[in-house]
Structure formats: structure tokens, C-alpha cells
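The lines below spell out each chain.
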Amino acid sequence: MADASSVEIRGVDKFYGSFQALSAIDLSVPPGKVTCLIGPSGSGKSTLLRCINFLEVYDSGEIRIDGRMIGYDAPGGRRMSGGALRRMRQSIGMVFQQFNLWPHMTARENVAEGLLRVRRLRRAEAMARAEAALEKVGLGDRMDNHPARLSGGQQQRVAIARAIAMEPRLMLFDEPTSALDPELVGEVLGVMKTLAGEGMTMVVVTHEMGFAAHVADRVAFMDRGELVAVDTPEAILTRPEDPRIQSFLRTFHERNSF
Amino acid sequence: MFSIQAFLDSFGPLLWAARYTLLVSGLGIALGLVLGALVCAAALSRWRAARFVAALWVSFLRGVPLLVQLLLMYYLLPVIGINVPAIVAAVVTVGICASAYISEIWRGAIGALPPGQSEAAVAVGMNNRDLWTRIILPQAVVMSLPALVNELILLVKASSLVSLVGIMEVTRASQAQAATTFRPLEVYIAAACIYLLINLCLAGLGRYLEHRMAV
Ligand SMILES: Nc1ncnc2c1ncn2[C@@H]1O[C@H](COP(=O)(O)OP(=O)(O)OP(=O)(O)O)[C@@H](O)[C@H]1O
Ligand SMILES: [Mg+2]
């Protein structure tokens, strides 16, 4: 991808009431690279990911996409207008743990909806692009199915098609395989690997250590709202120095081996 | 002795009177849907004053019996200088009362949608209007259909109350018929049959709609 986005996160804090969900987060996501966010439950991974497209409001600090701040017109400034925010979101794809497909639409309609309403493409053009995106995730034969008629893995691939049809320069994934039966995880990770291979900038919250180890360029470890370390997968996953990472990986391996 | 003849003879006048039962409940639900949408929008609005008015509207209309509302309207309108036929006052009162229940039905349906539905729309950059017309309302309306049909059935039955302000609907016509024929049992059994028939049709319609619109 020629024009993949970069993300710069600096000094981001986020509060839920008096509870601090994110503390002074700094993270650089280079263009065309895959960054995995890992860490224990409740550590703030989803919150941070959702701040990147401003689905969650951060309270201080700044998040910049290709140098442009999202959510506010300046650090500590006023909230960005709805229109400006929507324009920025158009080039950020998001994939959710629960797929969040629209159940009253077919797979094709799910993918075409953003092209029609947001991109304002003509119907024929939107449908053609939706079909191409579905072909790409291997669902060329399922376009007329409603989500209820698709397996979890197929639904998540439709959700990925819905995001990539908008031709985003950045993709955010929040535990995209956590709601899937184990035998369906592979098909979704396969599509994500292909995207990564094409040079898409990706931020992936995941518990799939295999994916983090083999596909990620960088792995960030979070704990209690803090970003503890960012490094190569190798450094974080095989020889971590921080005791919090060591203990996380230890419980993780215990849970996944028998 | 039960008289088949008196029973059958009751159907003529009662079916004729059923026009008013259908009119009051049909127009009542139509008005209730329109007002209910407005009240629901107010209840979900970001303006505190609108939410307050909606809450007041709903709690008053659900807290006061329809019969009292009808009598209130019937006696209040002339006092404030509005002279309309009783049937108009009845339809408006029934519609207003229904709007309270319908706005709650819709608020419930909208609230029952998983938040991820809106999040997915917001994440692709959809604006508020498309979010509501394309994502939220199509799903909420389908989800609310069974409850709306139920509300309509309740209205058909509640419309018997408008007999008290002098409208010759099925219940009032039954009273008149019973008074002239001295066959109350036959007449009221016929009235029951008519209400049952109307509501069975509505229930069937409800099942059909649900089936048609289910995804
Ligand atoms: N809307 C909210 N209101 C209050 N607290 C919240 C809210 N959303 C999240 N939190 C809290 O913020 C913290 C971080 O939550 P977050 O969902 O980001 O964690 P996570 O790392 O994604 O966890 P998981 O692996 O379980 O998904 C948690 O303690 C959570 O309880
Ligand atoms: Mg999470």
C-alpha cells in the first residue's frame, strides 16, 4: 500500500469517572506495519484502540493520524466538528470482537452500505466494489446471505470486507478472533495476514500469541492502563525483561497447554 | 332458554356499530404512532427539557385510567372553547393515550439494540441521519412489531370505553340492543364474538408481518 497511515499517540489519558483507564500512553505506529496490543483483561487495550478512531473520547494528550490530530482541533483544544471527524473515520477501518454486522442486510449490503452512504458511490459501483471485497475475503459465494446464515468466521470476514471496501489506510482490530470457535480462527487470521502482506497499517488487540509472534512487526504490552513496553515480538514474547510481562505470559502458557 | 335467533339477529346492528370500534382504534393507533415517535424522540433527545416533558407525558398517560382521560377530554374541551364531535375527542384521547405506550415500546426496542450496531456505523463514518434511518430504525421497528400489534389489540378492547361519551360502538350498541330485545346474554355473546374476530385477525396480521420482516 502506497499510502498507509501512521499513528502517533502521545501522553494520552482517559478517565471513566475517577477511574483512570489510560495513563500517559505513548505509542508510534509506523505506516505499513502491524502492531499488536497485548495484556491482561481490563488493562485498557480496547479503550486505547477505540481512542484511535475516537469511538472513545480521550481526555488529554494527542492522537495523530498522518500528522492530523483526531477528536480535537488542537492539543487541549475544542472538539473537532462531526463532519471532520467522520471524514477522518472514513479512512480508518475497524473490526470488532462481536463482528457487529447489520443483521437486516445481506453480506453484500453490509459491505456496500458505507460506500453508498458515506462515500456516496452510485449503486452499481458500490455493489461491484462490495463484491470485489467479498471475493477477496473468500466469500464470493455468500454475498446474498444475511449474517444469521453465516458462520462466525464468515461473519468476521464480511466485517473485514466491510472495512476494506472503504479503502482505509489504517485498520483497527479488537480481538477479531476471540468470539470464534477454534476451528474458525485460522480463516480470519489468514485474511488479516494477507492484508498485512499488502502493507496495511494495522493495530490489533489480540490474545493470539501465534499471530503476534509471526505477523506483528511490533508488540505493545499494556497493564492497568499503562503501556509497559513496545518492542519486536521476539523481545516481548520470548525474552521479556519486565516481570509483569513474564507473569502474563506464564499464566497465558499455563492456560493454553495441558 | 338461549335463543339462536336473537343471537343471530344481534349481529346486524353490532357489526354496523363495529365501524366505530375500528375507527376509534384504527385512527387511535395511527395518531399514537405519530405522537409516540415524537415522544420517543423527545425521550432520547440530548435536551433535558425535552426528556422531562416526555417523561411527564408518559407517566401521566400511563398513570391515569383511559376512562378518566376520556371524561376529562370530553368536559375539558368545551371549557377551553373547543367544540368538536364526541368521536373526534374520543379518537384524539385514545391516540394520545396510545402514544405513551408506543413511545415506550420504541424506546425499549431502540435500547435493546446492541451498542455495536451503532458503533460499526459510526466507525465507517456514517452521519447521524443515516445511522438512524438505515441502521437503528429498520431494526427497532421490526423488533417492536409484536408489541405494536399487542397495543392495537388492547386499543380495540379499550375502545369500548368510548361508549361512555356517547359513541355507538360495539359495546354501546350491545347495551341498546339488549335493552330492546331483553336478550342480554345472546347480545353480549355476539359482541364477544365480534371483538374476538377482530382481534384474531389482528393477531394473524401480526404474525404475518413478523414472519415477513424477520431477517
Ligand atoms: N464504559 C466504561 N465505563 C467504565 N469503565 C470502563 C468502561 N469501559 C471500560 N472500562 C474499564 O476500563 C478498563 C479498561 O477496559 P478495556 O475494555 O479497555 O480493557 P481490555 O484490555 O480491552 O480488556 P479485555 O481483554 O477484557 O477486553 C477496565 O477496567 C474496564 O472495566
Ligand atoms: Mg477489550
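Along every chain, residues carry numbers that run from 1 in the direction the sequence is written. Throughout, the order in which chains and ligands are written sets their labels, letters from A for the former and numbers from 1 for the latter. At least 70 in pLDDT is required for a residue's local features to be given in this predicted model, at least 80 for side-chain atom pairs to be given and counted, and no such filter applies to totals for whole chains, interfaces and linings, which use all residues. With hydrogens and water stripped out, all remaining heavy atoms of the structure feed into the side-chain values.

*Asks:* Please provide a residue-by-residue account of the overall build of chain B, values included.
*Replies:* Put simply, DSSP marks the helices as runs of H or I at least four residues long and the strands as runs of E at least two long, and each gets a number from the N terminus on. Broken down by element type, chain B carries 8 helices and 0 strands. Mapped in sequence order, the helices and strands of chain B form the string α-α-α-α-α-α-α-α. Oriented by its inertia axes, the alpha-carbon framework of chain B measures out at about 70 × 45 × 25 Å. Here chain B, with 215 residues, has 43% of them falling under the buried criterion. Residue contacts follow a heavy-atom distance rule, with two residues in contact if any of their heavy atoms lie within 4.5 Å. Taking the contacts inside chain B whose residues are at least 6 apart along the sequence as the reference set, 77% of them involve residues at least 24 apart. Surface accessibility of chain B: about 11300 Å² in total, with carbon and sulfur atoms responsible for 71%. Counted charges follow a simple rule, with Lys and Arg positive, Asp and Glu negative, and His plus the chain ends left uncounted. For the purpose of locating charges, the reference atoms are NZ of Lys, CZ of Arg, CG of Asp and CD of Glu. The centroid of the 13 positive side-chain charges in chain B is displaced by 7 Å from the centroid of its 8 negative side-chain charges. With a 1.4 Å probe rolled over the protein chains alone, any residue whose accessible area is under 20% of its type maximum counts as buried; one over 50% counts as exposed, and the rest are partly exposed. Note on areas: Shrake-Rupley with a 1.4 Å probe; residue coverage comes only from the protein chains shown.

*Asks:* Which residues make up the packing of aromatic side chains, and what values go with them?
*Replies:* Any pair of aromatic rings gets described here by the distance separating the centres and the angle formed by the planes. Two rings from Phe, Tyr or Trp (for Trp, the six-membered ring) form a pair when their centres are within 6.5 Å of each other. A pair whose planes differ by under 30 degrees is stacked, one over 60 is edge-to-face, and the rest are tilted. Applying the stated rule across the entire model yields 8 aromatic pairs over all chains. With a centroid separation of 5.9 Å and 45° between ring planes, the pair formed by Phe2(B) and Phe7(B) is classed as tilted. For Phe2(B), a relative accessible area of 32% corresponds to the partly exposed category. An aromatic cluster is defined as three or more aromatic residues linked by ring pairs; in this entry it consists of Phe54(A), Tyr58(A) and Tyr72(A). Two thresholds decide whether a charge sits over a ring: the Lys NZ or Arg CZ must be within 6 Å of the ring centre and within 35 degrees of the ring normal. Across the ring face of Trp102(A), the terminal group of Arg162(A) is positioned such that the distance to the ring centre comes to 4.3 Å.

*Asks:* Could you give an account of the side chain of Asp130(B), with specific residues and numbers?
*Replies:* With respect to the element layout, Asp130(B) can be found in helix α6 (residues 128–158). Contacts of Asp130(B), omitting those with residues within four sequence positions, involve Arg117(A), Arg120(A) and Ile135(B).

*Asks:* Go over the interface of chain B and chain A, please, and point to the residues and values.
*Replies:* Facing 17 residues of chain B, the contacting portion of chain A comprises 23 residues. We define buried area as the total accessible area lost by two parts upon association, computed with a 1.4 Å probe and summed across both. Both faces considered, chain B and chain A share a buried interface measuring about 1800 Å² in area, 61% of it formed by carbon and sulfur atoms. We count a salt bridge whenever a side-chain nitrogen from Lys or Arg sits within 4 Å of a carboxyl oxygen from Asp or Glu. Taken together, the connections running from chain B to chain A amount to 3 salt bridges. In protein, a polar contact requires one atom able to donate a hydrogen and another able to accept it; more generally it is a pair of N or O atoms within 3.5 Å, and residues adjacent in sequence count only if both atoms are side-chain atoms. Counting across the chain B and chain A interface gives 6 residue pairs in polar contact (both at pLDDT 80 or more).

*Asks:* Any details on the nonpolar core? Residues and values, ideally.
*Replies:* By nonpolar core we mean a set of buried residues, namely Ala, Val, Leu, Ile, Met, Phe, Trp, Tyr and Cys, connected to one another through side-chain atoms within 4.5 Å. Core analysis: the largest hydrophobic core is formed by 142 residues, its most contacted members being Ile160(A), Met171(A) and Met202(A). Broken down by element, the residue count for this core peaks at 11 residues, all from α6(B). The contacts of Met171(A), once residues within four sequence positions are left out, are Gly93(A), Val95(A), Ile160(A), Ala163(A), Ile164(A), Leu195(A), Met200(A), Thr201(A), Met202(A) and Val203(A). One finds Leu61(B), Met73(B), Ala89(B) and Ala100(B) within the second-largest nonpolar core, a separate group that totals 6 residues.

*Asks:* So what about the UniProt feature "domain: ABC transporter" (unreviewed entry) in chain A? Which residues, and what values?
*Replies:* The UniProt feature table records "domain: ABC transporter" (unreviewed entry) at residues 7–249 of chain A. With 37% helix and 25% strand, the stretch residues 7–249 of chain A has end C-alpha atoms that lie 27 Å from each other. UniProt positions are given in the numbering used here, feature names are shortened, and annotations may be inferred rather than shown by experiment.

*Asks:* Talk me through the side chain of Glu113(A); I want residue IDs and the actual numbers.
*Replies:* Structurally, Glu113(A) can be placed in helix α3 (residues 107–117). Among all residues touching Glu113(A), those that are not within four sequence positions of it are Trp102(A), Met105(A), Val118(A), Met126(B) and Arg134(B).

*Asks:* Which residues make up the sheet that holds strand β2 (residues 19–29) of chain A, and what values go with them?
*Replies:* Residue and element names in this part refer to chain A. Here, a strand pair is defined by DSSP locating no fewer than two bridges between the strands. Read from one edge of the open sheet, 4 strands run β2-β1-β4-β5, paired in antiparallel fashion. Sheet topology places β2 and β5 (68–69) at the edges, where each strand pairs with a single neighbour. Helix-sheet contacts for helix α1 (residues 45–52) involve β1 (7–16), β2 and β4 (60–65), and the interaxial angle to β2 is about 60°. For helices, the fitted line uses only the C-alpha atoms of the stretch in contact; every axis is such a line through C-alpha atoms, and the angle between N-to-C directions lies from 0 to 180 degrees.

*Asks:* An account of the UniProt feature "domain: ABC transmembrane type-1" (unreviewed entry) in chain B is requested, with residue identities and associated values reported.
*Replies:* Those places that UniProt annotates as "domain: ABC transmembrane type-1" (unreviewed entry) correspond, in this numbering, to residues 18–206 of chain B. Between the end C-alpha atoms of residues 18–206 of chain B the distance is 21 Å, and the span holds 84% helix and 0% strand.

*Asks:* Could you give an account of the UniProt feature "transmembrane region" (unreviewed entry) in chain B, with specific residues and numbers?
*Replies:* Sites flagged by UniProt as "transmembrane region" (unreviewed entry) map to residues 20–45, 52–76, 82–102 and 187–209 of chain B. For residues 82–102 of chain B, the helix share is 81%, the strand share is 0%, and the end-to-end C-alpha distance is 27 Å.

*Asks:* Give me the lowdown on the site of ligand 1, citing residues and values where you can.
*Replies:* Residue and element names in this part refer to chain A. What makes a residue near a molecule or strand is one non-hydrogen atom of that residue sitting within 4 Å of it. With respect to spatial proximity, 13 residues lie near ligand 1, and among them Ser 41, Gly 42, Lys 45, Ser 46 and Thr 47 are the closest. Within the backbone of Ser 43, a nitrogen or oxygen atom sits 3.2 Å from an oxygen atom of ligand 1. Backbone polar atom of Gly 44 to an oxygen atom of ligand 1: 3.0 Å apart, as the coordinates give it. Here ligand 1, which alone exposes 640 Å², has 59% of that area covered by the protein. Looking at the shell around ligand 1, the elements that each hand over two or more residues are β2 and α1. Of all the elements, α1 adds the most residues to the shell around ligand 1, at 3 residues.

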